[in-house]
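Coordinates in review
One letter stands for each residue in the lines below.
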Amino acid sequence: MGELKRKLERLGLLHDSVVTGLAWKPTDKTLTFAVEDFYSNFEGLPEYPGAMGGSIILSKVQQVTIDIDYDEKHLFIYDFEVDDTHPDRYRISVSFRPSGRIVAVCGHIEFPELNIPTP
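So, here's what we can say about the structure. From a predicted model like this one, the values you see are computed outputs, not experimental measurements. (Residues numbered from 1 in each chain as written. Predicted model: local features only at pLDDT ≥ 70, side-chain atom pairs only at ≥ 80, totals over all residues. Heavy atoms only, no water.)

**Topic: unusual backbone geometry**
Between R97 and the following residue, P98, the backbone shows a cis peptide bond with an omega angle of 15°. By the element assignment, P98 lies in the loop between β6 (90-97) and β7 (101-106). Backbone geometry at L13 places phi at a positive 55°, although glycine is not the residue there. By secondary structure assignment, the location of L13 is in the loop between α1 (3-10) and β1 (18-25). The exposure class assigned to L13 is partly exposed, which follows from its relative accessible area of 24%. (Helix = DSSP H or I, 4+ residues; strand = E, 2+ residues; numbered from the N terminus. Buried < 20%, exposed > 50% of the residue type's maximum accessible area, 1.4 Å probe, protein only.)

What follows is the structure in structure tokens.
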């Protein structure tokens, strides 16, 4: 298992994190998620470090599929999974609650506020 997958699992796969913005820039080949609190999954538990928002930036995006039927006040991440079995790309699958999914294939993922870069 790669380092990125381990770090995401330590974040609880971002379960219950609220997405406050999505920015798909085809000319830049980037997809950015703005997240209210990376640690939402741990709120109310002793290991909760406090709220920390930020962004997840996918770059060198080769493919994006967005299927969100959105009629809610907030868009909650159900889980944020990474397939890193291919040596030069990542397949990202983000499931949302109550429904929806974004799947992307990219060459680089960065969580700047958490200092979680990928090669």
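From this point on, the discussion continues.
**Some remarks on the packing of aromatic side chains**
In the structure shown here, the tally under the stated rule is three aromatic pairs. A ring pair is formed by F33 and F80, whose centres lie 5.9 Å apart and whose planes are at 75°; its orientation type is edge-to-face. Residue F33 is located in strand β2 (residues 30-35), and its partner F80 is located in strand β5 (residues 75-83); the two are separated by 47 residues in the primary sequence. Both residues of the pair, F33 and F80, count as buried. Taken together, a centroid distance of 6.2 Å and an interplanar angle of 70° make the contact between F80 and F111 edge-to-face. (Phe/Tyr/Trp six-rings, centres within 6.5 Å; stacked < 30°, edge-to-face > 60°.)

**What about the pairing of β1?**
As judged from the two bridges shared by β1 and β5, these two strands associate in the antiparallel manner. Each bridged residue has a counterpart across the sheet, and for V18 the counterpart in β5 is F76. Pairing geometry for β1 and β2, over six bridges, is antiparallel. Bridging across to β2, V19 finds its partner in V35. Connecting β1 to the antiparallel partner β2 that follows it, the hairpin turn spans four residues, and K29 within it adopts a positive phi of roughly 60°. (Pairing = 2+ DSSP bridges.)

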